[in-house]
Amino acid sequence: WLPGALLGIALIFERSRWGVPVLAGALALTLLAGHFQIAAYVWLAALGYAAARALWEGVNRRPWFPASLAAAFLLGAIVGSAQVIPSLELGLNSTRGAGQPTEAGFEFHRSRALQSDELPALVRPNLFGNPAHGDHVLVRYGLPYAEHCGFVGIITVILALAGIAFARTRHYALFLILTAAALNVAMCGPLARAMFYGIPKLGLAGGFTRVLSIYTFAMAMAAAAGFYGIPKLGLAGGFTRVLSIYTFAMAMAAAAGLDALCRRIRARGKASVGDRGRRRWSLRGATGLCVLSAAVLLAELLPWGHEYLPKTRREHVYPMTPTIERLIQSQGQSQGRVLAITPRDRWGLLRTPQAVLPPNSATVFGYDSISGYDSLFPRSYRRFVNQAEGREPAPLANGNLLLPENAGDPLYAVAGLTTVAAMPYGEAGRGVDIDVLEDALPRAFVVPDGPRWDGVLTDLLSRVQPVTDASDLALNVSACGLRREGPANMLVRGLGAEGPAPWLVVTETFYPGWSAYVGGRRRELLSVGRTFCGVPLRGGEGEVRLVFEPFSVRLGLFLGLTGIGALAGLIVFRRESIPWI
């Protein structure tokens, strides 16, 4: 969406009525895509381009439009609120989102940044091998092929360099600067350090080599400017024209050739008789160069691109195996959770185990697991797993993973762990061992004295009073029937509440947004052991419904719909009715 964002800024400076809607829409779609690191890069590039245009207009004492730019950026943020606001809430409750940039973290990013020895791979992408061929040598140093690839094609590089001689324009200089800045960030230079510490949370998002997505766009636009600047072609034209072609056609050479043809045809009627022959040869030369450029691009980029992003069926990536079928069947019978043990000692910075059952398989196939990625778990659950394991549950090579191994810990019995699968990595001929645990507590149960039970669990979490057997935690709990009626709706029946202060405990991770309804009336939902959901009960109550209805989602949707309405209004009404735009 970066081309669309810059196109919107260019249209604003040309006083087009489409400037604000195009810029706001592109920025909003960047946020709604859900990858905030890439969205941050797009927003930063758009802000940089807007500032450069404003500075240029100011130097030349021409008017610029701060109100329109501010309105577009604000409107983009409002439309994207449906994704942004719940994600901010998740960040505040997650492990990574609550952290702060550290020097150790920056040094880790530096070790995985684009290395100076890799720069030749920008024009020869398979210089160090390709994972598709099984010969990518840099993987042993923890340098992934995908995030270190900035290949745009030899013809694109040549045209970008040709712009030094032919494209002496402010836009070419801007994209050349953006190319250099993106490379500096990708190589963890001074700009990367400034972004790491200066932009909140950006340094916690991931490696800086992802900024190569900005580099490839800037290089392509520099090449387009170089192509337009070749004097013999006579391809004079505005930047907005170039960017519009790139944005909507995404085929620079072919689109530029079409534009050149249109310009030459229109100019033929105005040409004098004496120079029509020269223009005809210029038209043929332009057409031939465009066709040649397009052919080189297709011959160079298509084969590599097909290898870089191969197409395959979903079932080839996540096939339904007998092991997964047994795990799903076992969970369906017990309504408990599943643990597929992935030994942490098999992981290293230089190697990854052959993944028989990756931690995110539960998300794909829909069974309930106690392992996975920390981006899907709040901080309270990671603390719970830390206590159960007695040490860090992630391998050194990937701190985002939760890979529990201590299946016999009583805490996992509280969490409802009923099925354990031991995954034999790389051991041909061995099957997967699946065990069913008998001591697991049900997913929903009533305890007669809720505050006391909560205290016991809290003590266990802090290891003040270690408990060695899951039966010690039962404390005469009575099981309840739990039925999921959707990903955000659970019905609990068969309460049978007795005791001085009965609580219903549901081992769903406590998180802002869960609500409890008893007899149709909303009731306070408590945090049990700082991890699970609890509902105080009264005698005679037969069922409780738990609904996930976070205010952050409702607020984000309301603001998003409001922003879409404002965008529609800008498109429908003429600009003269909104003078500040």
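Everything quoted here is computed from the prediction, not taken from an experiment.

Engineer: With reference to specific residues and values, describe helix 9 (residues 190-198).
Structural biologist: Within the sequence span of helix 9, burial applies to A192, M195 and F196. Along the axis of helix 9, the buried positions cluster into a sector of 100 degrees, meaning they face one direction only. Across helix 9 from its buried face, at more than 90 degrees, point the exposed residues P190 and G198. Elements in contact with the buried residues of helix 9: helix 3 (36-59), helix 6 (103-111) and helix 8 (170-186).

Engineer: Let's hear about the sheet that holds strand 1 (residues 337-341): which residues, and what values?
Structural biologist: One open sheet accounts for three strands, arranged 1-4-5; its pairing is mixed. The open sheet is flanked by strand 1 and strand 5 (433-436), the only strands paired with a single partner. Adjacent strand axes in the sheet meet at a mean angle of 20 degrees, parallel and antiparallel pairs treated alike. Here five bridges tie strand 1 to strand 4 (residues 417-422), and the two strands are oriented parallel to one another. From the neighbouring strand, I341 faces strand 4, where its bridge partner is A422.

Engineer: Describe the environment of S371, naming the residues involved and giving the relevant values.
Structural biologist: Of note, S371 is situated in the loop between helix 16 (361-365) and strand 2 (372-373). Take S371: its relative accessible area is 8%, and that puts it in the buried class. Between the alpha carbons of S371 and T342 there is a distance of 9.4 Å; along the sequence they are 29 residues apart. Among all residues touching S371, those that are not within four sequence positions of it are L339, P359, F377, L402 and P404. Looking at S371, its side chain comes within polar contact range of the side chain of S369, at 3.0 Å.

Engineer: Which residues make up the packing of aromatic side chains, and what are the values?
Structural biologist: A complete count under the given rule lists 14 aromatic pairs for this structure. On the numbers, 4.9 Å between centres and 85 degrees between planes, the contact of F196 with Y197 is edge-to-face. Given a relative accessible area of 1%, F196 falls into the buried group. Judged by relative accessible area, Y197 falls into the partly exposed class, the value being 38%. Here F384 and Y412 contribute two aromatic rings whose centre-to-centre distance is 6.4 Å and whose plane-to-plane angle is 70 degrees, an arrangement assigned as edge-to-face. Taken as a pair, F384 in helix 17 (residues 379-389) and Y412 in helix 18 (residues 410-414) lie far apart in primary sequence, 28 residues in all. Neither residue differs from the other here; F384 and Y412 are each classed as buried. An aromatic cluster is defined as three or more aromatic residues linked by ring pairs; in this entry it consists of F377, Y381, F384, Y412 and F532. Here the guanidinium or amino end of R17 rests over the ring plane of W18, the centre of that ring lying 5.2 Å away. Here R193 stacks its cationic end above the ring of F106, 4.3 Å away from the centre of that ring.

Engineer: Let's hear about the packing of helix 4 (residues 66-79) against helix 21 (residues 551-572): which residues, and what values?
Structural biologist: Helix 21 packs onto helix 4 with a crossing angle of 135 degrees between their chain directions and a minimal axis gap of 7 Å. Relative to helix 21, the element helix 4 lies oblique. Counted together, L75, I78 and V79 of helix 4 and L559, G560, G563, I564, A566, L567 and L570 of helix 21 form the full contact between these two elements. In terms of residue class, the contact of helix 4 with helix 21 is made up of eight nonpolar, two polar and no charged.

Engineer: Please provide a residue-by-residue account of the sheet that holds strand 11 (residues 514-518), values included.
Structural biologist: As summarised here, the arrangement of the five strands in space is 8-9-15-11-12, forming an open sheet in which the pairing is antiparallel. The two strands at the open ends of the sheet, each matched to only one other strand, are strand 8 (481-484) and strand 12 (521-523). Adjacent strand axes in the sheet meet at a mean angle of 30 degrees, parallel and antiparallel pairs treated alike. Sheet analysis places strand 11 next to strand 15 (residues 543-548), joined by five bridges and oriented antiparallel.

Engineer: Explain the confidence of the model for the protein residue by residue, including any values.
Structural biologist: On average, residues of the protein score 80 in pLDDT, and 81% of them reach the 70 mark or higher. Segment residues 232-237: pLDDT under 50, and 13 contacts once partners within four positions in sequence are set aside and those in other chains are kept.

Engineer: Report on helix 8, specifying residues and quantitative values.
Structural biologist: Think of an α-helix as 3.6 residues a turn; residues three or four steps apart then line up on the same face. Counted at 1.5 Å a residue, the expected span for helix 8 with its 17 residues is 24 Å, and the 24 Å between its end C-alpha atoms agrees. Within helix 8 the residues assigned to the buried category are H171, Y172, F175, T179, A182, L183, V185 and A186. Take helix 8 and look down its axis: the buried residues cluster within an arc of 160 degrees, on one side only. In the stretch just after helix 8, C188 is the one whose phi turns positive, near 60 degrees.

Engineer: Explain the nonpolar core to me, using residue names and the numbers behind them.
Structural biologist: Within the largest apolar cluster, 68 residues are counted, with the highest numbers of intra-cluster contacts made by L6, I9, L23 and F208. Element by element, the count of residues in this core is highest for helix 10 (residues 212-228), at 12 residues. Those residues in contact with F208, other than ones at most four positions away along the chain, are Y41, H109, V185, A186, C188, A192, M195 and F196. Among the nonpolar cores identified, the runner-up in size contains 28 residues, and F377, Y381, V385 and L402 belong to it.

Engineer: Please give an account of the pattern of salt bridges that cites residues and values.
Structural biologist: Scanning the entire structure with this criterion turns up 13 salt bridges. Residues E147 and R210 are paired through a salt bridge, measuring 3.1 Å at the closest nitrogen-oxygen approach. With E147 in the loop between helix 6 and helix 7 (154-166) and R210 in the loop between helix 9 and helix 10, this pair connects stretches of sequence that are 63 residues apart. Overall, E147 belongs to the partly exposed group, its relative accessible area being 27%. With relative accessibility at 25%, the residue R210 sits in the partly exposed group. R484 is the partner of E508 in a salt bridge, and the nearest nitrogen-oxygen pair spans 2.6 Å. Separated by 24 residues along the polypeptide, E508 in strand 10 (residues 503-509) and R484 in strand 8 bring together distant segments of the chain. On the basis of relative accessible area, E508 is assigned to the buried category, the value being 16%.

Cut-offs applied
- Each residue is numbered by its place in its chain's sequence as written, counting from 1.
- Where local features are concerned, this predicted model is filtered to residues with pLDDT of at least 70; where side-chain atom pairs are given and counted, the filter is 80 or more; whole-chain, interface and lining totals use all residues.
- Hydrogen atoms and water are omitted, and side-chain values are computed over all heavy atoms in the structure.
- Exposure is judged per residue with a 1.4 Å probe applied to protein chains only, and the accessible area is read against the type maximum: over 50% gives exposed, under 20% gives buried, and values in between give partly exposed.
- The way it works is that DSSP assigns letters per residue, a run of H or I at least four long becomes a helix, a run of E at least two long becomes a strand, and they are numbered from the N terminus.
- An arc is given here, and it is the one of the directions from the helix axis to the C-beta atoms.
- Contact between two residues is taken to exist if any of their heavy atoms lie within 4.5 Å; hydrogens are not considered.
- Two strands make a pair as long as DSSP finds a minimum of two bridges between them.
- Simply put, an axis is a line fit to the C-alpha atoms, just over the touching stretch for a helix, and the angle between two N-to-C directions goes from 0 to 180 degrees.
- Contacts described as polar in this section are N or O atom pairs within 3.5 Å, which, within protein, must combine one atom able to donate a hydrogen with one able to accept it, while residues neighboring in sequence count only if both atoms come from side chains.
- In this analysis, rings of Phe, Tyr and Trp, with Trp reduced to its six-membered ring, are considered paired at centre separations within 6.5 Å, and the interplanar angle assigns stacked below 30 degrees, edge-to-face beyond 60, and tilted for intermediate values.
- For a ring to carry a charge above it, either NZ of a lysine or CZ of an arginine must fall within 6 Å of the ring centroid while also lying within 35 degrees of the normal to the ring plane.
- Orientation categories follow fixed angle ranges, with anything under 35 degrees roughly parallel, anything over 145 roughly antiparallel, 65 to 115 roughly perpendicular, and all other angles oblique.
- Three classes are used, and their members are as follows: Ala, Val, Leu, Ile, Met, Phe, Trp, Tyr, Cys and Pro are nonpolar, Asp, Glu, Lys and Arg are charged, and the others, Gly among them, are polar.
- Residue-level confidence of the predictor is summarised by pLDDT, bounded by 0 at the bottom and 100 at the top.
- Given the number of residues in a helix, its expected span is that number minus one, multiplied by 1.5 Å.
- In this description, a nonpolar core means a group of buried Ala, Val, Leu, Ile, Met, Phe, Trp, Tyr and Cys residues linked to one another through side-chain atoms lying within 4.5 Å.
- Salt bridges are counted wherever a side-chain nitrogen of Lys or Arg sits within 4 Å of a carboxyl oxygen of Asp or Glu.

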